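Structure at a glance
Now for the letters of each chain:
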Amino acid sequence: MARAPVVTRFAPSPTGFLHLGHAHSALFAHRLARAAGGRFLVRIEDIDATRCRPEFTDAILEDLAWLGLDWDGPVRIQSEHMREYADAIASLEARGLLYPCFCTRAAIAREIAAIGNAPHGADGPLYPGTCRTIPPAEREARRAAGEPHALRLDMAAALRAVPGPLAFEEVGDGLVTADPGPLFGDVVLARKDTPASYHLCVTHDDAAQGVTLVTRGEDLKPATHLHRLLQALMGWPVPRWQHHRLIAGPDGRRLAKRDRAATLRSLREAGHSPAAVRALAGFPD
Ligand code: GLU
């Protein structure tokens, strides 16, 4: 069967300036697309209004252009598509796959401490399922009263709703069986403060933008198990994935946005050329 044309994307969150780790990620996606005669897209993941700032979006696009990257089509800005995420949430909810969770972080932490040996997933201890058993009438009354709540995926119900087992293709590794239950449990798909979540939006948008090869840091590899489940639930097309290594700082630690010396801005101000920065990011010309 002929393979779909390669479409990759770089999807930063505008919570700070791009650093060498982002440059590696962007170049990785760009080179794979261009080598295959495919398309390279840029998406700004800015649903978290408390942490994202428009001036970082402008800086990101300027830095990418300075680095020598060109992208195809308009940049997709997630905050302009909240209606689409709400529709996806509504569809999952209509099928009984989500439930409202009224717990505060502190209440969840107490509950987990009380369990003692609570199971751990990809992002820490799994939610103990406290709100899953609230009777429907009470749920609705609390929602109608405006009590703040997130929406969680009922993982067991979701797994029953898809033909299992699911698998995804990791380039280089072949087919990997998706096992999101132990990694994410009843994960939040719509947050209290934002009626969406990273997992929902990223999976929605990769489908909406026709991304065929998802490239990103290997720290996000576990999330792929959940994304594959969401694709199955929503009937979205299934891309391939190619996770890449994370660039380390001089001290061997993973780079974070707080490592100012490694930002593309500071490297540029220190007199590095785009080619020199591409080389530092692991992609010598
Ligand atoms: N927005 C995410 C980040 O900046 C990347 C999402 C992805 O590539 O799946 O870490």
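Please refer to the structure placed before this passage.
Okay, so let's go over this structure. None of the values given here were measured: they were computed from a predicted structure.

Another point: the overall build of the protein. Each helix and strand counted, the protein has 11 helices and 12 strands in total. By the compact-globule yardstick of 19 Å for 285 residues, the protein fits well, its C-alpha radius of gyration being 20 Å. In terms of its C-alpha atoms, the protein occupies a principal-axis envelope of roughly 65 × 45 × 35 Å. Scored against the burial criterion, the 285 residues of the protein give a buried share of 49%. For the protein, contacts bridging at least 24 residues in sequence account for 78% of all contacts bridging at least 6. Accessible surface, the protein: about 13,600 Å² in total, of which carbon and sulfur atoms supply 55%.

By the criterion of burial, strand S11 (residues 213–217) is predominantly enclosed, with five of the five residues buried. With respect to chirality, the unit in which S11 leads through helix H9 (residues 221–234) into the neighbouring parallel strand S12 (residues 240–244) is right-handed.

It is worth spelling out the side chain of Asp206 at this point. Within the element layout of this structure, Asp206 appears in helix H8 (residues 198–208). At 2.9 Å, the side chain of Asp206 and the side chain of Arg43 are in polar contact.

All chains considered together, the criterion is met by 24 salt bridges. For Asp70, the salt bridge identified is with Arg34, shortest N-O distance 3.5 Å. Here the residue Asp70 occupies a position in the loop between helix H2 (54–67) and strand S3 (76–77), and Arg34 occupies one in helix H1 (residues 20–35), the gap between them amounting to 36 residues. The class of Asp70 is partly exposed, set by a relative accessible area of 41%.

Among the structural elements, Glu62 can be located in helix H2. Exposure remark for Glu62: the relative accessible area of 42% places this residue in the partly exposed category. A distance of 3.4 Å separates the side chain of Glu62 from the side chain of Arg268, its partner in a polar contact.

The ligand sits among Arg9, Ala11, Pro12, Ser13, Glu45, Tyr198, Val202, Arg216 and Leu220. Ala11 is positioned such that a nitrogen or oxygen atom in its backbone is 2.7 Å from a nitrogen atom of the ligand. In the model, an oxygen atom of the ligand is placed 2.9 Å from a nitrogen or oxygen of the Tyr198 side chain. If the ligand stood free it would expose 300 Å²; the protein chains cover 77% of that surface. A per-class count over the shell around the ligand returns five nonpolar, one polar and three charged.

Parameters and conventions
Residues numbered from 1 in each chain as written. Predicted model: local features only at pLDDT ≥ 70, side-chain atom pairs only at ≥ 80, totals over all residues. Heavy atoms only, no water. Helix = DSSP H or I, 4+ residues; strand = E, 2+ residues; numbered from the N terminus. Rg over C-alpha atoms; globule rule 2.2 N^0.38 Å. Buried < 20%, exposed > 50% of the residue type's maximum accessible area, 1.4 Å probe, protein only. Contact = heavy atoms within 4.5 Å. Areas by Shrake-Rupley, 256 points an atom, 1.4 Å probe, with all protein chains shown as cover. Right-handed = clockwise from strand over helix to strand, strands pointing away. Polar contact = N/O pair within 3.5 Å; in protein donor to acceptor, adjacent residues only side chain to side chain. Salt bridge = Lys/Arg side-chain N within 4 Å of Asp/Glu carboxyl O. Near = heavy atom within 4 Å. Nonpolar A, V, L, I, M, F, W, Y, C, P; charged D, E, K, R; others polar.

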